Amino acid sequence: MLKRITNFLTSLKFGIILFIIIAVYSIIGTVIPQGMDLQFYLNQYHTFGSLMVFLQFDRVYSSVIYLAIVLVFVINLVGCTLKILPVQLKKMKDYIPTKGKNNENLYENWMDIEDIKSGFTKKGFKVIDTEDGSYAVKHRIGHVGSSVTHLGIVIIILGALIGNMFVKEGYITLAPGEIYEFNEYGFTFKLDDFYLDLREDGSVEQYYSELTVYEDEKEPRSETIWVNNPLNINGMYFYQSNYGWASKMQITCAEGHVHQESIFKENPHVFYDKESLTVLLYGYYPDFSMDIHGNPITLSQNVRNPAYAVVLYNEEGYVNSYIVRPGQPIEYKDIEIKFVDSVLYTGLTYRQDFGYYPVMIGSIILTLGILLSFYFYPKYILISQDEIIPVTRQNVWGFTIKIKRMLKELNKVRGNNQ
Amino acid sequence: MNIVFFEEASFTIAFIIYIVAALGFFVYLAGGKEKADKIAVYASLAGFIVHTAAMILRVIESGRLPFSNQFEFASSFTWGIVLIFLIIQFYYKFSSLGAFVMPLAFLMMGYASMLSKDIKPLMPALQSRWLSIHVGSAVISYGSFAVACGLAIMYLLNRKNMDKADSKLPDAEAYDYLSYRIIAFGFLMLTIVIVTGAIWAKYAWSRYWAWDPKETWSLITWLIYSVYLHLRFNRGWKGKPAALFAVIGFVCVIFTFVGVNILLPGLHSYN
């Protein structure tokens, strides 16, 4: 019984079933929106919503079910491979195939067997004489093609799974002059400058973040990050992934003393205690204009006509909304609120994932395995006094055509020599 | 008249020649003389040359390979289909194969002709040397799967006639091996597409694999074709079931290429 179960678990049949399950489960993840909250699924799919969340259809690729399927798949793949590998290794050493009904005898009367043997040798075949004739062989290594392919896949899956457990990632925003300390990793950096490279039509050519990196016991160094050119500090990669405008606001009293200074970056709200006043920066428009509905818009990212859309709220609710220029004060009771200026800030994603390296090694092995399986597959030609029979398990038809052409070529050479 | 004019003119001419070629193959199959088949093969070659010229003009115009929006993908995809078809045609000298491949080519060309042909500068995420190898291998891979699908349709429609002596179609065994070999090649190329995509994603998006719909669907396509290859090799699956699988695989390819863009937008949405 146990043996039958193990046999099934390591069978090709079960492997194919798993392939199909993985494919179907993956499709679910592309059809159902991923990573939303419970309420979304309840609203969208009604009674099925809770069942879907229970089955983890809201996060298919990180679900326990998916992990379980993939692990069973790994077991199947390893089992399958271990079953065939000894046979493959033996075949690599000393296997001579026998001819089957698909194998064609290409011998014709004009052929000189010794001539043809040396012709095959020139084409990279190894000609070996045995008791009952000879055979030519090439690409014996191809016998292990499928095992190499499977090894690559197992390395990819395990590398990714283990790598994912130790991933460190996050997102930071920095305005020029700001410093970020990665004490845990022994480095700090300062954003020296961030700028966009704009085209004539106003679209973005590229984003550049210029940094100075301070690493323990090393000279400070300058680095530039742009999209497709991340910065690597000891395996931690920093990516140019976002940008925005950081706006500086001052709240002053009538005498001109600054009571509060705040930077608006991603959070549009600032609360001023003394007056229980909330300042909402609805938007900053470097190239201000209005659309047909009277809504503020920016025509480009060039600072040509800067303006701020500001909304004030107090304890009773909405107070008023304003469009103001840099430095232009908004008066509220006996204070003044003004936006001094805005600078571009950069948004950097960072990620450390050592799983990438085994995944890449696995990918190379996988690709090599596929090449071995379909191109460097074992090719044999059985030769006797009146037989030239190409034999291969992979591609008899194509290989036979190739050998036919080779023989024709040999015939031509012979004709020329005579 | 400028380069844009010549590019669009040669694109349209290539499109028309592809239609003529497909019709030529049909005339041959419907009882025409061998000449019709020959003319259709050379028409495909002529269309391919004009199409190549259109692509070269576009490269001159834009200063980069035509791999950056859906029109350019579709045009390159068509180019890949015809390229693989012509290689097979001239190497194995099959007759009437074109009748089942060229319609796919002109359908894809028709899809391309409906898309915006504007040349836009590359967005920052696409400015990478991985673009050409990633999309280039996709063009070859998808082209191969299209040709294999054409072969499979040919087989499914005609399998009873294929082995008759007077048949204009290649014999069933040749068909079977050829489609298998083409799928194996497409599979190798698809593997390269996915691996180069992962490397590029690591440098552009931070994650080498992010389960973006296009990534996921290319994995699904890869799984389907690997099922095909396993069954074909280990269980001697031949004939009808294998042919059906080749068609299903190509439906997946088309969905990955067109459907995902329309229905499942993600990181790969470049319009």
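What this report covers is the structure whose coordinates are included nearby. Chains are numbered independently. Their residues run from 1 in the order of the written sequence. Just so you know, chain letters begin at A and ligand numbers begin at 1, following the order they were written in. Totals for whole chains, interfaces and linings use every residue, but because this is a predicted model, local features are given only for residues with pLDDT of at least 70 and side-chain atom pairs only at 80 or more, for both listing and counting.

## A word on the nonpolar core
Phase 1: One finds Ile81 and Ile183 of chain B to be the most contacted residues of the largest nonpolar core, which totals 109 residues.
Phase 2: For helices the rule is a DSSP run of H or I covering at least 4 residues; for strands it is a run of E covering at least 2, with both sets numbered from the N terminus onward. Looking at this core element by element, the count peaks at 20 residues for helix H6 (residues 172–204) of chain B.
Phase 3: For Ile81 of chain B, the residues in contact, after removing those within four places along its chain, are Val101, Leu104, Ala105, Met108, Gly143, Ala146 and Val147 of chain B.
Phase 4: Tyr284, Ile330, Ile337 and Phe339 of chain A belong to the second-largest nonpolar core, a separate cluster that totals 27 residues. The term nonpolar core refers to a group of buried residues, namely Ala, Val, Leu, Ile, Met, Phe, Trp, Tyr and Cys, whose C-beta atoms join them within 7 Å. Exposed residues have 12 or fewer other C-beta atoms within 10 Å of their own C-beta, buried residues have 20 or more, and residues in between are partly exposed; the C-beta atoms are placed from the backbone. Here contacts are defined at the residue level, using C-beta atoms placed from the backbone and a cut-off of 7 Å between them.

## Considerations on the sheet that holds strand S11 (residues 269–272) of chain A
Residue and element names in this part refer to chain A.
Phase 1: Two strands are counted as paired when DSSP detects at least two bridges linking them. Within the open sheet, the 4 strands sit side by side as S11-S12-S15-S16. Their pairing is antiparallel. Whereas interior strands pair on both sides, the edge strands pair on one side only; in this sheet they are S11 and strand S16 (317–324). Taking each pair of neighbouring strands and ignoring which way they run, the sheet shows an average axis angle of 20°.
Phase 2: When strand S15 (residues 307–314) meets S16, the two strands line up antiparallel, connected through 7 bridges. By the bridge assignment, Val311 is partnered in S16 with Ser321. Angles shown run from 0 to 180 degrees and are taken between the N-to-C directions of axes, each axis being a line fitted to C-alpha atoms and, for helices, limited to the stretch in contact.

## Some details on the packing of helix H5 (residues 130–158) of chain B against H6 of chain B
Residue and element names in this part refer to chain B.
Phase 1: Contact geometry for H5 and H6: axes closest at 8 Å, N-to-C directions at 155°. In terms of axis orientation, H5 runs roughly antiparallel to H6. Handedness of the crossing formed by H5 with H6: left-handed.
Phase 2: Split by residue class, the contact of H5 with H6 holds 23 nonpolar, 8 polar and no charged. We call two directions roughly parallel when the angle between them is under 35 degrees, roughly antiparallel when it is over 145, roughly perpendicular when it lies between 65 and 115, and oblique otherwise. Crossings are sorted by hand: turned counterclockwise from the far helix by less than a right angle, the near helix makes the crossing left-handed, and turned clockwise it makes it right-handed. Residue classes follow a fixed rule: Ala, Val, Leu, Ile, Met, Phe, Trp, Tyr, Cys and Pro count as nonpolar, while Asp, Glu, Lys and Arg count as charged, and any other residue, Gly among them, counts as polar.

## What about unusual backbone geometry?
All names here are of chain A.
Phase 1: Backbone geometry at His46 places phi at a positive 50°, although glycine is not the residue there.
Phase 2: Looking at His46, the number of C-beta atoms within 10 Å reads 9, which means it is exposed.
Phase 3: Despite not being glycine, Asn228 shows a phi value in the positive range, around 80°.
Phase 4: Relative to the assigned elements, Asn228 resides in the loop between strand S7 (221–225) and strand S8 (231–233).

## Some remarks on the pairing of strand S9 (residues 236–253) of chain A
Residue and element names in this part refer to chain A.
Phase 1: Across 3 bridges, the pairing between S8 and S9 is antiparallel. Bridging from a neighbouring strand, Asn232 pairs with Tyr237 of S9.
Phase 2: A loop of 2 residues connects S8 with S9, the two strands running antiparallel in sequence, and Asn234 in this loop sits at a positive phi of about 50°.
Phase 3: Of the strand pairs in this sheet, S9 and strand S18 (residues 335–352) are connected by 16 bridges, and their pairing is antiparallel. For Tyr243, the partnering residue across the bridge sits in S18 and is Thr346.
Phase 4: In terms of strand pairing, S9 meets strand S10 (residues 258–264) through 6 bridges, oriented antiparallel. Opposite Met249, over in S10, you have Ser262 as the bridge partner.
Phase 5: Taking the residues that link successive antiparallel strands as the turn, the S9-S10 hairpin has 4 residues, and the phi of Gly256 there is positive, at about 95°.

## Examining the packing of H6 of chain B against helix H7 (residues 213–234) of chain B
Residues and elements named next belong to chain B.
Phase 1: At a minimum axis separation of 10 Å, H6 and H7 run at an interaxial angle of 150°. The handedness of the crossing between H6 and H7 is left-handed. For the pair H6 and H7, contact is made by Tyr180, Ile183, Ala184, Phe187, Leu190, Val193, Ile194 and Gly197 and by Glu215, Ser218, Thr221, Trp222, Tyr225, Ser226, Tyr228, Leu229 and Arg232, respectively.
Phase 2: A class-by-class count of the residues in the contact of H6 with H7 yields 11 nonpolar, 4 polar and 2 charged.

## Considerations on the environment of Lys123 of chain A
Phase 1: The residue Lys123 of chain A is located in the loop between helix H6 (113–122) and strand S1 (126–130) in this model.
Phase 2: In sequence terms Lys123 of chain A and Lys168 of chain A are 45 residues apart; their C-alpha atoms lie 53 Å from each other.

## Some thoughts on the sheet that holds strand S6 (residues 204–215) of chain A
Residue and element names in this part refer to chain A.
Phase 1: Strand order in the open sheet formed by 4 strands is S4-S5-S6-S7, with antiparallel pairing between adjacent strands. A single partner strand is all that each edge strand has here, and the edge strands are strand S4 (179–182) and S7. With strand direction ignored, the average angle separating the axes of adjacent strands in the sheet is 30°.
Phase 2: In this structure, strand S5 (residues 187–198) lies alongside S6, joined through 11 bridges in antiparallel fashion. Opposite Asp193, over in S6, you have Glu210 as the bridge partner.

## Considering the interface of chain A and chain B
Many descriptions give the size of an interface as the accessible area lost when the pieces come together.
Phase 1: Listed as interface residues are 34 residues of chain A and, on the opposing side, 34 residues of chain B.
Phase 2: Put simply, the parts of the chain that give the side of chain A that touches chain B at least two residues each are helix H2 (12–31), S6, S9, S18, helix H8 (356–374) and helix H9 (396–417) of chain A.
Phase 3: In terms of residue count, the dominant contributor to the side of chain A that touches chain B is H2 of chain A (9 residues).
Phase 4: By residue class, the composition of the side of chain A that touches chain B is 20 nonpolar, 11 polar and 3 charged.

## Concerning the environment of Thr221 of chain B
Phase 1: Among the secondary structure elements, Thr221 of chain B is positioned in helix H7.
Phase 2: In sequence terms Thr221 of chain B and Val251 of chain B are 30 residues apart; their C-alpha atoms lie 9.0 Å from each other.

## Description of the environment of Asp341 of chain A
Phase 1: By the secondary structure assignment, Asp341 of chain A is in strand S18.
Phase 2: In contact with Asp341 of chain A, other than residues within four places in its own chain, are Lys248 and Pro326 of chain A.

## Brief notes about helix H1 (residues 3–29) of chain B
Phase 1: For a helix, the expected span equals 1.5 Å multiplied by the residue count minus one. The terminal C-alpha atoms of H1 of chain B lie 39 Å apart, and with 27 residues this matches the ideal 39 Å at 1.5 Å per residue to within 8%.
Phase 2: In the segment just after H1 of chain B, Gly31 of chain B is the residue with positive phi, at about 120°.

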